[in-house]
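# Fold and geometry: a report
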Amino acid sequence: MKSYQELKQLLKKEILDQIDLSRVLEDEEIRQLIDTGIMEKGKATYIPLKDKEKLSKELFYAIRKLDILQELIEDPTVTEIMINGVDHIFIEKEGKLRKWNSTFDSREKLEDVIQQIVASCNRVVNESTPIVDARLQNGSRVNVVLPPVALNGPILTIRRFPEKAINMEDLMGFGSITEEACGFLEKLVKAKYNILISGGTGSGKTTFLNALSNYIPKDERIITIEDSAELQIQGIENLVRLETRNANVEDCKEINIRDLIKSSLRMRPDRVIVGEVRGGEAIDMLQCLNTGHDGSLSTGHANSGRDLLSRLETMVLMGIDLPISAIQRQIAAGVDIIVHLGRLRDKSRKVLEIIEILDYSDGEIRIHPLYEYVETGEEGGRIAGNLCKKEALYHTEKWKAAGIR
């Protein structure tokens, strides 16, 4: 009697042999082929009903979807999938990291899944271009690293975002931000203050940017610019979404973030939203902020609000050679507010500080703390604390111009 895995492989081979490659088959036709194959095999050998249902699902995933990954991708409690070669798959579920007990049948199957993901968003990954960022159809972020860069086989990392976009009300419910701070940020967005969101990896920058964008008036023209499209801007009809493109073997020229920012300024935007600044495009982003495109939003990796300013200086120098004082003046003139997020030791995500950029004076950028998160202790393994107001907004010109009291 064949084992479950042997039966699965035999059925898969037989079904693939039956598929008519001269035309595109619908999902229902594939399911019918699978069910017929299982029924025929069931006449010759006993297959429990539970195994029949499992075989049907797994064979459909292997032939039409992303093989063993499909189950994880469809599980809303799985937030991160980490594949370190064929045999080592780890997941983050409900904030905890654990090893998953399934593995790919072969390295070739894992590579096929990677190519399927990458090709679906017009990306290329191979030995000559072994690193790529991509996305799944549901918006999940994907990073791929192949040999020879990855020594222990193809590496695939998937960060899954909630199917329903999280809004500020949800974040208040999670305890990530207070109602008072939400109301304050809503007024800043409507008054067209330029806001940058900083934080470490996994601190929730993209989620927070999505939630903050809900405060943008619905009659404005918005242009989003991303390496790999992840933003979920809701309720805005006049929305233009731009995504970078890698160079490829067909002589298609690379189109990077800098190219898209420059092009966006000729598209009559009310606001420009850059998913993340991480390199020389910072100078183009600052030019955008300083040329009348108020209300723009972006994110950046940093350990604090103050640290983001230092990183911006470094990123600008990656794109253009300017005196530090000139760069600092550009930053002070363009950026109004920095919202810094963090992931605490209990895995909760919080707004840790909201700071205002005052000006450039005496060789440094002066900042003004508006809100700061203060821990008050631990209760049942959860960190307790409050986002406390420190100072009032100093620069109120945009506030007043928007008619906000």
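For the structure itself, consult the block above.
The paragraphs below set out a description of the structure included in this document. (Residues numbered from 1 in each chain as written. Predicted model: local features only at pLDDT ≥ 70, side-chain atom pairs only at ≥ 80, totals over all residues. Heavy atoms only, no water.)

Along the chain, the position of E281 falls in helix 10 (residues 281-289). Nearest to the buried, unbridged E281 among oppositely charged side chains is R278, at 5.6 Å. Once residues lying within four places of it in the same chain are set aside, the contact partners of E281 are I257, R258, I261 and E276. (Helix = DSSP H or I, 4+ residues; strand = E, 2+ residues; numbered from the N terminus. Buried < 20%, exposed > 50% of the residue type's maximum accessible area, 1.4 Å probe, protein only. Lys, Arg positive; Asp, Glu negative; His and termini not counted. Salt bridge = Lys/Arg side-chain N within 4 Å of Asp/Glu carboxyl O. Contact = heavy atoms within 4.5 Å.)

Hydrogen bonds along the backbone pair up the strands of a sheet, which may run parallel or antiparallel. One open sheet accounts for 9 strands, arranged 9-8-10-11-7-12-13-14-15; its pairing is mixed. Strands with a single pairing partner mark the edges of an open sheet, and in this sheet they are strand 9 (239-243) and strand 15 (382-389). Taken over all neighbouring pairs, the strand axes of this sheet differ in orientation by 25 degrees on average, direction set aside. Inspection of the sheet shows strand 12 (residues 337-343) paired to strand 13 (residues 349-361) by 7 bridges, in the antiparallel sense. Among the inter-strand pairings, I337 is bridged to a residue of strand 13, identified as E356. (Pairing = 2+ DSSP bridges. Axes fitted to C-alpha atoms, helices over the stretch in contact; angles between N-to-C directions.)

Below, the discussion takes up the nonpolar core. Grouped together as the largest cluster of nonpolar side chains are 40 residues, with contacts concentrated most on I177, F208, L212 and I354. When residues of this core are traced back to their parent elements, those giving at least two are helix 6 (168-174), helix 7 (179-190), strand 7 (195-199), helix 8 (205-213), strand 12, strand 13, strand 14 (364-379) and strand 15. If one sorts the elements of this core by residue count, helix 7 sits on top with 6 residues. Sequence-distant contacts of I354, that is, excluding residues within four places in its chain, are made with A181, F184, L185, I337, I338, V339, P369, L370 and Y371. (Core = buried A, V, L, I, M, F, W, Y, C linked by side-chain atoms within 4.5 Å.)

A word on the sheet that holds strand 4 (residues 131-135). The strand order across the open sheet built from 6 strands is 3-2-1-6-5-4, with neighbouring strands paired in antiparallel fashion. Every interior strand has two partners, whereas the edge strands, strand 3 (96-99) and strand 4, have only one. The mean inter-strand angle of the sheet, taken between neighbouring strand axes irrespective of direction, is 15 degrees. In the sheet, strand 5 (residues 141-145) pairs with strand 6 (residues 155-159) via 5 bridges, with the strands oriented antiparallel.

A word on the pairing of strand 4. Burial along strand 4 is one-sided: the residues V132 and A134 are buried and none of I131, D133 and R135 is. The pairing of strand 4 with strand 5 spans 5 bridges and is antiparallel. Bridge pairing links I131 to V145 in strand 5. Between strand 4 and strand 5, which pair antiparallel one after the other, the connecting turn spans 5 residues, and G139 there sits at a positive phi close to 95 degrees.

Let us now look at the packing of helix 11 (residues 305-319) against helix 12 (residues 324-334). Orientation of helix 11 relative to helix 12, taken along the N-to-C sense of each, is 120 degrees, at an axis distance of 10 Å. One finds that helix 11 runs oblique with respect to helix 12. Handedness of the crossing formed by helix 11 with helix 12: right-handed. From helix 11, L309, L312, E313, V316 and L317 reach across to helix 12, where they touch I324, I327, Q328 and I331. (Parallel < 35°, antiparallel > 145°, perpendicular 65-115°, else oblique. Left-handed = near helix turned anticlockwise from the far one by under 90°.)

Here D284 shows up in helix 10. By relative accessible area, which is 9% here, D284 ends up buried. If sequence neighbours within four positions are ignored, D284 has contacts with R258, I261 and K262.

Another aspect to go through is the packing of helix 9 (residues 257-264) against helix 10. Where helix 9 contacts helix 10, the two axes come as close as 9 Å, and the packing angle between them is 15 degrees. Relative to helix 10, the element helix 9 is oriented roughly parallel. Crossing angle aside, the handedness with which helix 9 passes helix 10 is left-handed. Here helix 9 contributes I257, R258, I261 and K262 to the contact with helix 10, which in turn contributes E281, I283, D284 and M285. Looking at the contact of helix 9 with helix 10, its residues break down into 4 nonpolar, no polar and 4 charged. (Nonpolar A, V, L, I, M, F, W, Y, C, P; charged D, E, K, R; others polar.)

For the rest of this paragraph, the subject is the pattern of salt bridges. Per the counting criterion, the structure on display carries 17 salt bridges. A salt bridge links R107 to E111; the shortest N-O distance between them is 3.2 Å. Remark: E111 and R107 occur in helix 5 (residues 107-120); sequence separation between them is 4 residues, near one turn of the helix. The exposure class of R107 is partly exposed, given its relative accessible area of 37%. For E111, a relative accessible area of 31% gives the class partly exposed. Salt-bridge contacts for R345 lead to E375; the nearest nitrogen and oxygen are separated by 3.3 Å.

Below, the discussion takes up the packing of aromatic side chains. Counted under the stated rule, the structure contains 2 aromatic pairs. Centroid distance F184 to Y371: 5.5 Å. Interplanar angle 50 degrees. Geometry classified as tilted. A residue pair is termed long-range when its members are at least 10 positions apart, and F184 in helix 7 and Y371 in strand 14 qualify at 187 residues. Like F184, the residue Y371 is buried in the burial classification. Each ring, one from F184 and one from W399, has its centre 5.8 Å from the other, and the planes form 35 degrees; the classification is tilted. Of the two residues, F184 is situated in helix 7 and W399 in helix 13 (residues 397-401); the sequence distance between them amounts to 215 residues. Judged by its relative accessible area of 11%, W399 is buried. (Phe/Tyr/Trp six-rings, centres within 6.5 Å; stacked < 30°, edge-to-face > 60°.)

A word on helix 5. When the terminal C-alpha atoms of helix 5 are compared, their 20 Å separation across 14 residues agrees well with the 20 Å that a helix rising 1.5 Å per residue should span. Listed in full, the buried residues belonging to helix 5 are K109, L110, V113, I114, I117 and V118. Of the residues one or two after helix 5, N122 is the one with positive phi, at around 60 degrees. (Expected span 1.5 Å × (residues − 1).)

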